[in-house]
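The lines below spell out each chain.
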Amino acid sequence: MRIDELHNDALQLLKRLIATPSFSKEEDKTAGLIETFLQARNIESARLLNNVWAKNKFFDKEKPTIFLNSHHDTVRPNKAYTQDPFLPLEKDGKLFGLGSNDAGGGLVSLIAAFVYFYDQPDLKYNLVLAATAEEEISGTNGVEALLDDPQFISETNLHSFEGWSAIVGEPTQMNMAIAEKGLLVLDCIAHGKAGHAAREEGVNAIYKAIRDIAWFSSYKFDKVSKLLGPVKMSVTIINAGSQHNVVPHECRFTVDVRVNELYDFEELLEIIRKNVECDVIPRSMRLRSTNIALDHPLVQAGIRLGKCYYGSPTTSDKALMPFPALKIGPGDSARSHTADEFISVNEIAEGIEMYIELLNSVILVAGYR
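Fair warning: this is a prediction, and the values are worked out from it, not measured in the lab.

The rules behind these values
Residues numbered from 1 in each chain as written. Predicted model: local features only at pLDDT ≥ 70, side-chain atom pairs only at ≥ 80, totals over all residues. Heavy atoms only, no water. Salt bridge = Lys/Arg side-chain N within 4 Å of Asp/Glu carboxyl O. Helix = DSSP H or I, 4+ residues; strand = E, 2+ residues; numbered from the N terminus. Phe/Tyr/Trp six-rings, centres within 6.5 Å; stacked < 30°, edge-to-face > 60°. Buried < 20%, exposed > 50% of the residue type's maximum accessible area, 1.4 Å probe, protein only. Lys NZ or Arg CZ within 6 Å of the ring centre and 35° of its normal. Axes fitted to C-alpha atoms, helices over the stretch in contact; angles between N-to-C directions. Parallel < 35°, antiparallel > 145°, perpendicular 65-115°, else oblique. Left-handed = near helix turned anticlockwise from the far one by under 90°. Contact = heavy atoms within 4.5 Å. Nonpolar A, V, L, I, M, F, W, Y, C, P; charged D, E, K, R; others polar.

A. Up close: the pattern of salt bridges. A full pass over the atoms with the stated rule returns 17 salt bridges. Residue Arg 283 pairs with Asp 187 through a salt bridge whose shortest N-O separation is 2.9 Å. Separated by 96 residues along the polypeptide, Arg 283 in the loop between strand E14 (279-282) and strand E15 (290-291) and Asp 187 in strand E9 (residues 182-191) bring together distant segments of the chain. The closest approach of N and O atoms between Glu 270 and Lys 274, which form a salt bridge, is 3.4 Å. Taken together, the residues span about one helical turn, with Glu 270 and Lys 274 both in helix H7 (residues 265-275) at a distance of four residues.

In structure tokens, the structure reads:
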């Protein structure tokens, strides 16, 4: 297939995805669109829940595999939108719409690259495409469920992680995120004693929480990563009290912790619990910091293409993959989750060509036309 045809097909698919709401856990219709797109090109696909996946035509279980992954769920549009978030509006070289940048541009570009290589024989690597769900909420029914699925494991020979690597399509301005911070979300509970606000009675849980919050806002962890910088803690939610004249007995708050590769979660929790009085309850220990070695073939291919590398402060489905993964794609992370989200049409075209060039360099096939 010609490159200009791939560009047009990817753009039209992205417009259909934008026009179809796909909030996390509600991605069934966009999963259907992706299935239909692949079927129209005679590509056999499979589906687990709202995850759609396919493997190249000449898949060989004896070869190593590159997993091409991005997500098709979106956050809900924020109230600052000035236009319909589900209207795919193309204007001044930009395509506006919810999910256009995060991560629609990367998703359709990866799909286009997969289509390009799908029926080429004698590839050095297998290719497995996976358009997955629930990334925006770090849900368990997305890529994690797919990688644990017995049918997927059997058909892709994922009995051992040896020989597997991944390209994760996220907006990185087409530079290489070779590492990313882990995410540890903490639910904290400060305990007091209820009393009447008019009298000197009770123990105000808000005041106790304030002392702990001050520690979270000022504490500096010793180990600073060259790629990912320091651990960052942010208090993002707080709730307490039931009415104005009652001293609250409990104050709950949430802390978002972005963890570099120099700390494991257990060590971090031990430090935190030694320094605060409140109860500290982690929601999940799954989203740990990840990195891919500089000498990995995918990274080396990117370097040959002139791509720079960096450490990403944001977490993606890369964290849930038990094999090396490179996060790279069209778009800009700074636009993600913003009002009037957009991606430029040129970014999609460049993303497709970048993915093809990157894969071409690794799997050693003839250059594309």
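Still to come is the rest of the account.
B. Representation of the packing of aromatic side chains within the structure. Going through the model one piece at a time under the given rule, you end up with 16 aromatic pairs. Between Trp 53 and Phe 152, the aromatic rings sit 4.8 Å apart at their centres with planes inclined by 80°, giving edge-to-face as the arrangement. Within this pair, whereas Trp 53 is found in strand E2 (residues 51-55), its partner Phe 152 is found in helix H5 (residues 150-156), the two being separated by 99 residues in sequence. For the residue pair Trp 53 and Phe 152, the accessibility class agrees, reading buried in each case. Ring geometry for Tyr 219 versus Phe 221: centroids 4.9 Å apart, planes at 85°, classification edge-to-face. Connected via pairs of aromatic rings, a cluster forms that spans Trp 53, Phe 67, Phe 152, Phe 161, Trp 164 and Phe 323. Sitting over the ring of Phe 59, Lys 55 keeps its end group 4.9 Å from the ring centre. The ring centre of Phe 342 lies 4.5 Å from the NZ or CZ of Lys 94, which sits over that ring.

C. Region of interest: the packing of helix H1 (residues 3-18) against helix H9 (residues 345-363). Axis separation between H1 and H9 bottoms out at 10 Å; the angle between their running directions is 125°. On the basis of their axis angle, the class for H1 and H9 is oblique. Both H1 and H9 take part in a crossing whose hand is right-handed. Along its contact with H1, which presents Ile 3, Leu 6, His 7, Ala 10, Leu 11 and Leu 14, the element H9 presents Val 345, Ile 348, Ala 349, Ile 352, Glu 353 and Ile 356. Each residue belonging to the contact of H1 with H9 can be placed in one class, and the counts come to 10 nonpolar, one polar and one charged.

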